Amino acid sequence: MRNVAIIAHVDHGKTTLVDAMLRQSSGYTNRDEVDRVLDSMDLEREKGITILSKQASFAFGDRRVNIVDTPGHADFGGEVERALTMVDGAMLLVDAAEGPRPQTRFVLRKAFEAGLRVIPVINKIDRPDSRIKEVIDETIELFFDLDAPESQLDIPFLFGSSRAGYIQNAQPEESYLPEPPPEMLKEGLLPLIEAIFDYIPPPFYEEGVGLQALVTNLDASPYLGRLAICRIVAGEVKKGQQITHIKRDGSQVRIKCAELLMPRGLEMVTAETAKAGDIVAIAGSEDVTVGETLADTVSPKALPLLAVDEPSLSMTLAINTSPLAGRDGDKLTARFLKARLDTEILGNVAIRVLSTDRADTFEVQGRGELALAVLVEMMRREGFELTVGKPEVLTKLINNVVHEPMERLFIEVPEEHLGAVTQLLAKRKARVEKIQHTESQIVGLHYLISARGLIGIRNELLTQTRGTAQLHHAFDGYEPYLGEIKTRNTGSLVADRTGVTTAYALANLADRGTLFVSAGEEVYEGMIVGESNRPEDIDVNPTKEKKLTNMRSSTADELVKAPPCRRLTLEQALEYANEEECVEVTPRAVRLRKVILNQSMRAKSKKKTG
């Protein structure tokens with residue numbers, strides 16, 4: 001048996017490789033029903049990314065491989081660190097055309113820090129734009145940058161296509177293999193399975209030691225209650241056995257292993273016993289949390305708690321206080337909000353929740369903007385109505401000097417937009433580290449930028465490059481505070497009254513900026529209905545109706561058409577908001593609004609702060 005994690009950047013083929021392993025494993029028959037089976041959440045399928053780490057188990061003859069699918073995005077670092085504690089090695093998937101990316105670097109660094117051996121796989125060699133030799137050199141260079149152990153260079157590269165379902169040992173003579181040879185397809189993933197058993201060690205444990213199992217994840221069953229997903233580090237456990245639950249504070253509680261489950265394929269099946277090295281789910285404790293230990297009752301010993309990177313961003317979550325509150329959701333009170341956040345921190349070690357001076361407002365800290373946005377998106381789908389504040393960077397005091405988190409930014413952009421992108425990043429005090437030109441007229445830019453400078457950059461970058469830019473980033477470290485960074489140069493169009501928008505009013509406002517609403521929508525005083533062309537906010541009346549007169553005109557009966565509007569997603573709204581603004585989130589709508597809705601009160605507040 002081998003326990004293996006899959007490491008890759010977003011969309012480099014992790015989940016597709018698991019699909020191929022499922023198709024070719026022993027005992028699988030429903031071969032037509034496999035399509036990104038580990039992306040079980042609706043959000044994961046919609047965004048095309050892995051958010052939660054998941055485990056599966058596949059049999060290849062008398063050999064068994066337990067696979068853990070790790071998220072490829074640095075914002076879900078807590079999931080990555082949990083997944084790596086469950087395995088003894090990893091597979092690194094690198095796109096044959098794109099090469100290693102910043103988020104590949106993030107997860108790979110965690111794997112080397114954990115002492116794992118890594119099998120490098122060049123995936124998608126059937127892409128027409130693949131450049132296998134260059135990608136191999138870039139991957140080896142990445143190994144050196146991350147101080148990989150010398151033994152890592154003894155592990156050969158593998159090559160293949162997870163979508164087509166084959167892996168080979170030898171480097172292809174041609175960079176592009178649209179149709180692989182039949183013998184290669186017949187072998188399928190066998191070379192990969194052999195490499196896993198040749199280069200990744202089996203689970204290590206000491207004989208005669210009592211049970212020690214580290215809780216790395218949580219699940220729930222309507223019949224069994226809370227399930228603790230564990231990696232058994234030592235000893236064994238049997239169904240019905242009395243075990244000790246060692247909590248984070250060191251206290252111990254004796255519980256019964258009411259049910260023991262082990263992964264087989266994609267499902268968890270009942271087992272009578274499990275030994276060191278196995279990944280299991282144990283039912284029996286309703287208050288077990290991630291990072292705690294399940295041990296034997298004779299000599300219980302706690303395992304080290306999971307160490308997770310410090311959060312770098314925070315935002316406030318509060319109940320919805322807008323005039324339109326209570327129309328969409330059914331979870332509206334602070335009691336529901338607190339209970340949901342308490343549940344989240346039990347299973348998500350990368351999230352922290354702090355109380356504020358208001359009973360209905362909480363500060364949520366996380367690894368990045370996407371991780372926080374995913375939490376809000378999940379809550380709105382559960383029926384919550386929320387007021388979400390602008391994400392803010394968490395600084396640190398190091399040697400009496402204020403430091404802020406820095407991110408490694410990678411951007412791909414056509415050469416024609418290089419000047420605009422360079423100018424945009426210079427305003428945000430980003431430092432260029434490397435510029436790569438390719439034959440396809442695409443430029444790769446490597447920057448070091450503060451986390452503050454990244455807030456709101458995606459929308460502006462896509463606007464400047466007409467939607468052609470691709471950007472990815474990963475946490476790099478802390479540096480002294482860089483001073484003021486102005487991330488937004490435009491004001492907002494703010495509604496000055498409550499009512500329903502009209503096409504006539506919106507048509508008159510179209511010249512003042514970009515609208516966020518269309519005709520026939522309810523608005524309220526203080527709601528942001530568009531982005532102003534000017535740096536300052538403008539109070540507008542989007543509900544104005546066309547006056548009736550007794551004069552006939554050749555254009556009197558012409559239909560007034562409402563101008564097109566730009567619908568903001570939750571992530572875009574969070575990026576757009578400034579310090580005076582927040583986002584109203586309901587199951588059916590995402591609205592931008594001012595923190596202080598009343599126009600005269602906002603003016604008084606500005607005078608006081610000014």
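The present account deals with the structure reproduced in this document. Note that the structure is a prediction, hence the values are computed from the model and not measured. (Residues numbered from 1 in each chain as written. Predicted model: local features only at pLDDT ≥ 70, side-chain atom pairs only at ≥ 80, totals over all residues. Heavy atoms only, no water.)

The next point concerns the overall build of the protein chain. Within the protein chain one finds 15 helices and 35 strands. Burial status across the protein chain gives 53% buried among its 610 residues. In the protein chain, the proportion of contacts linking residues at least 24 apart, taken out of those at least 6 apart, comes to 72%. Element-wise, carbon and sulfur atoms account for 49% of the exposed surface of the protein chain, whose accessible area totals about 28400 Å². (Helix = DSSP H or I, 4+ residues; strand = E, 2+ residues; numbered from the N terminus. Buried < 20%, exposed > 50% of the residue type's maximum accessible area, 1.4 Å probe, protein only. Contact = heavy atoms within 4.5 Å. Areas by Shrake-Rupley, 256 points an atom, 1.4 Å probe, with all protein chains shown as cover.)

This brings us to the pattern of salt bridges. One side chain can pair with another of opposite charge once the charged atoms of both are near each other. Overall, the coordinates contain 30 salt bridges when judged by the stated rule. For the salt bridge of Asp476 with Arg408, the shortest nitrogen-to-oxygen distance reads 2.8 Å. Within this pair, whereas Asp476 is found in strand 27 (residues 470-480), its partner Arg408 is found in strand 24 (residues 401-414), the two being separated by 68 residues in sequence. Of the residues examined, Asp476 reaches a relative accessible area of 34% and is grouped as partly exposed. Arg567 serves as the salt-bridge partner of Glu521, at 2.3 Å between the closest nitrogen and oxygen. (Salt bridge = Lys/Arg side-chain N within 4 Å of Asp/Glu carboxyl O.)

In terms of nonpolar packing, the biggest core is built from 37 residues, with Leu108 and Ile122 touching the most fellow members. Residue assignment for this core shows that the elements contributing at least two residues are strand 1 (2-8), helix 3 (77-84), strand 4 (89-95), helix 4 (102-113), strand 5 (117-123), helix 5 (132-145), strand 9 (225-234) and strand 16 (279-283). Setting aside anything within four residues of it in sequence, one finds Ile122 in contact with Val94, Ala96, Val135, Ile136, Thr139, Phe157, Leu158, Phe159 and Gly160. Membership of the second largest hydrophobic core comes to 32 residues, among which are Leu317, Phe516, Ile528 and Ala573. (Core = buried A, V, L, I, M, F, W, Y, C linked by side-chain atoms within 4.5 Å.)

Counting buried residues along strand 32 (residues 527-532), 6 of its 6 residues qualify, which places the element largely inside the surrounding structure. Relative to strand 32, strand 28 (residues 492-495) is paired through 3 bridges, and the arrangement is antiparallel. Paired with Val494 across the bridge in strand 32 is Ile528. Pairing geometry for strand 30 (residues 513-515) and strand 32, over 3 bridges, is antiparallel. Bridge pairing in strand 32 places Gly513 opposite Ser532. Looking at chain direction, strand 32 and strand 35 (residues 590-594) are connected through 2 bridges and run antiparallel. (Pairing = 2+ DSSP bridges.)

To continue, consider the side chain of Asn578. Residue placement: Asn578 occurs in the loop between helix 14 (570-576) and strand 34 (581-585). Sequence-distant contacts of Asn578, defined by excluding residues within four places in its chain, comprise Lys390 and Arg488.

Counted by the stated rule, this structure contains 2 aromatic pairs. Judged by centre distance (5.9 Å) and plane angle (75°), the rings of Phe112 and Phe143 are edge-to-face. Separated by 31 residues along the polypeptide, Phe112 in helix 4 and Phe143 in helix 5 bring together distant segments of the chain. Of the two residues, Phe112 and Phe143, neither departs from the other in class, the shared state being buried. Aromatic side chains Phe516 and Tyr576 sit 5.4 Å apart centroid to centroid with 90° between the ring planes, which places their arrangement in the edge-to-face category. With Phe516 in the loop between strand 30 and strand 31 (522-523) and Tyr576 in helix 14, the pair connects residues that are 60 residues apart, well separated along the chain. Comparing Phe516 with Tyr576 shows no difference in burial state: the two are buried. (Phe/Tyr/Trp six-rings, centres within 6.5 Å; stacked < 30°, edge-to-face > 60°.)

Here the focus is helix 10 (residues 418-427). Listing the buried residues of helix 10 in full gives Leu418, Val421, Leu424 and Leu425. Down the axis of helix 10, the buried set is contained in an arc of 130°. They therefore lie on one face. Seen from the open side of helix 10, the exposed residues pointing more than 90 degrees away from its buried face are Gln423, Ala426 and Lys427. Those residues of helix 10 that are buried lie in contact with strand 24, strand 25 (431-437), strand 26 (442-450) and helix 12 (457-464). (Arc of directions from axis to C-beta.)

Examined against the element boundaries, Leu574 turns out to sit in helix 14. When the C-alpha positions of Leu574 and Leu592 are compared, they lie 8.8 Å apart, and in sequence the two are 18 residues distant. Those residues within four positions of Leu574 in sequence are excluded, and the remaining contacts are Glu369, Ala373, Val388, Gly389, Pro391 and Val583.

Remember that side chains alternate between the two faces of the sheet whenever the strand is regular. Within strand 9, 8 of the 10 residues are buried, leaving the element largely enclosed by the surrounding structure. Two elements, strand 9 and strand 16, share 5 bridges in a ladder whose sense is antiparallel. Looking at strand 16, one finds that Arg231 is bridged to Ile279.

It is worth spelling out a nonpolar patch on the surface at this point. On the surface, a nonpolar cluster with roughly 300 Å² of combined accessible area is contributed by Leu397, Val402 and Tyr481. With respect to the element layout, Val402 can be found in strand 24. Using a relative accessible area of 39% as the deciding quantity, one classes Val402 as partly exposed. (Patch = residues over 30% accessible without salt bridge, like charges linked within 9 Å, V, L, I, M, F, W, Y side chains within 5 Å.)

The interhelical angle for the contact between helix 10 and helix 12, taken along N-to-C directions, is 155°, at an axis separation of 9 Å. Taken together, the axis directions place helix 10 and helix 12 in an arrangement best described as roughly antiparallel. Between helix 10 and helix 12 the crossing geometry is right-handed. Packed against helix 10, whose contacting residues are Ala420, Val421, Leu424 and Leu425, the element helix 12 presents Ile457, Glu460, Leu461 and Gln464 at the interface. Broken down by class, the residue content of the contact of helix 10 with helix 12 amounts to 6 nonpolar, 1 polar and 1 charged. (Axes fitted to C-alpha atoms, helices over the stretch in contact; angles between N-to-C directions. Parallel < 35°, antiparallel > 145°, perpendicular 65-115°, else oblique. Left-handed = near helix turned anticlockwise from the far one by under 90°. Nonpolar A, V, L, I, M, F, W, Y, C, P; charged D, E, K, R; others polar.)

Its 13 residues place the ends of helix 9 (residues 369-381) 18 Å apart at the C-alpha level, agreeing with the 18 Å of an ideal helix rising 1.5 Å per residue. Among the 13 residues of helix 9, 11 are classified as buried, and the element is accordingly described as predominantly covered. Turning to helix 9, its buried residues are Glu369, Leu370, Ala371, Leu372, Ala373, Val374, Leu375, Val376, Glu377, Met379 and Arg380. Downstream of helix 9 by one or two residues, Gly383 has phi in the positive range, about 105°. (Expected span 1.5 Å × (residues − 1).)

Another point: the side chain of Glu407. Mapped onto the elements, Glu407 comes out in strand 24. Overall, the relative accessible area of 5% leaves Glu407 in the buried class.

With that settled, consider the environment of Gly453. With respect to the element layout, Gly453 can be found in helix 11 (residues 451-454). A relative accessible area of 0% means that Gly453 is categorised as buried. Note: C-alpha distance between Gly453 and Lys486 (33 residues apart in sequence) is 8.2 Å. Not counting residues within four places of it along the chain, the set of residues in contact with Gly453 comprises Arg428 and Ile485.

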